Every structure is written in C-alpha cells, then in structure tokens.
Amino acid sequence: KQAEEALEKLQKDPQADLSYMITPMGVGDLRLATNTINNLMDDKTAAATQRWQRLMIQAKVQFEDDIPFPTSRKGEVKPRGEKRNARIIEALEEYIKDSKELMKFL
C-alpha cells in the first residue's frame, strides 16, 4: 500500500519527498515478513516465494538508493533528474508487482 501511494505521489509530483519510505530496518523487516510466508510453504512452493522475496528486496534497495535528493559537493540539495525518477518509478512498480505475486500464495 505504501509503495502504491509513493508511486502515485511521484507521478503527480516528480520532486515529492519520499524519504519517509527509507527506514533503518526496512529490508530486515521485509525479510522477516516474507520469511514467515516462506516457512508456511512446502519446499517446492517455498522456492517460488523465496524468488519473489529476493525480487522484492532488490526493488526495495533500488528505490531506497534513489529516493534521497542528490546533493552538490557543497551540500546543497538538488532536484531529482528524470533518469533518477524513472529508476524510482521502475523499482516501485516492480516492488508492487512482486508483492502482489507473493500474496497470491496466501
């Protein structure tokens, strides 16, 4: 839900502040939650859910790397460029798609 809201915000305003999505334990929390799902599955199904887990973590790391606004050498905050926004949007869309696929197993 949070990723969908962030994607909507970014599409309305390419310079939207999405820093609230970056949390110190974000990937760890995601891994714990998806491990719970993996542990409920038999070996064959767990292989599939682990794949979605890896893809979600990869997408999360990608959008968390690009969400902060770039800064100059002097520390001045600059607006995000088109390519950076495109990478964020792509990673958010991938994360949303992967999470929906994972949820089909429940």
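Structure's up top.
Cut-offs and rules
Residues numbered from 1 in each chain as written. Predicted model: local features only at pLDDT ≥ 70, side-chain atom pairs only at ≥ 80, totals over all residues. Heavy atoms only, no water. Salt bridge = Lys/Arg side-chain N within 4 Å of Asp/Glu carboxyl O. Buried < 20%, exposed > 50% of the residue type's maximum accessible area, 1.4 Å probe, protein only. Helix = DSSP H or I, 4+ residues; strand = E, 2+ residues; numbered from the N terminus. Arc of directions from axis to C-beta. Contact = heavy atoms within 4.5 Å. Phe/Tyr/Trp six-rings, centres within 6.5 Å; stacked < 30°, edge-to-face > 60°. Lys NZ or Arg CZ within 6 Å of the ring centre and 35° of its normal. Core = buried A, V, L, I, M, F, W, Y, C linked by side-chain atoms within 4.5 Å.

Visitor: I keep staring at the pattern of salt bridges and nothing clicks. Help me out?
Guide: Two side chains of opposite charge can pair, provided their charged atoms sit close to one another. Here the structure, examined in full by the defined rule, presents 8 salt bridges. Residue Lys-78 pairs with Glu-76 through a salt bridge whose shortest N-O separation is 3.8 Å. Overall, Lys-78 belongs to the partly exposed group, its relative accessible area being 37%. Where Lys-104 meets Glu-101, a salt bridge forms, and the shortest distance between an N and an O atom there is 3.0 Å. For Lys-104, a relative accessible area of 61% gives the class exposed. Its relative accessible area of 25% is what places Glu-101 among the partly exposed residues. Residues joined in a network through salt bridges with shared partners are Glu-94, Lys-97 and Asp-98.

Visitor: Hey, could you run me through helix H1 (residues 2-12) in this one?
Guide: The periodicity of an α-helix, 3.6 residues per turn, causes residues three or four places apart in sequence to face the same way. Along H1, the residues classified as buried are Ala-3, Ala-6, Leu-7 and Leu-10. The buried residues of H1 occupy one face: seen down the axis, they fall within an arc of 100°. Packed against the buried residues of H1 are helix H4 (82-103).

Visitor: What is the right way to read the packing of aromatic side chains from this model?
Guide: Between two aromatic rings, the relevant description is the distance of the centres plus the angle of the planes. Taken as a whole, this structure holds 1 aromatic pair when the rule is applied. Relative to Tyr-95, the ring of Phe-63 lies with its centre 5.6 Å away and its plane at 90°, an arrangement referred to as edge-to-face. Taken together, the positions of Phe-63 in helix H3 (residues 43-66) and Tyr-95 in helix H4 put the pair 32 residues apart, joining distant regions of the chain. This pair shows no difference in class: Phe-63 is buried, exactly as Tyr-95 is. Over the ring of Trp-52 we find Arg-51, and its NZ or CZ is 4.8 Å from the ring centre. The aromatic ring of Phe-69 is capped on one face by Arg-80, whose charged end is 4.3 Å from the ring centroid.

Visitor: Just checking my understanding: could you explain the nonpolar core for this structure?
Guide: Side chains of nonpolar character tend, in soluble globular proteins, to be buried together. Counting 23 residues, the largest nonpolar core has Leu-18, Met-21, Phe-63, Ile-67, Ile-88, Leu-92 and Tyr-95 as its most contacted members. Going through the elements one at a time, H1, helix H2 (26-40), H3 and H4 are the ones with two or more residues in this core. With residues up to four places along the chain from it excluded, the contact list for Ile-88 reads Leu-10, Phe-63, Asp-66, Ile-67 and Arg-80.

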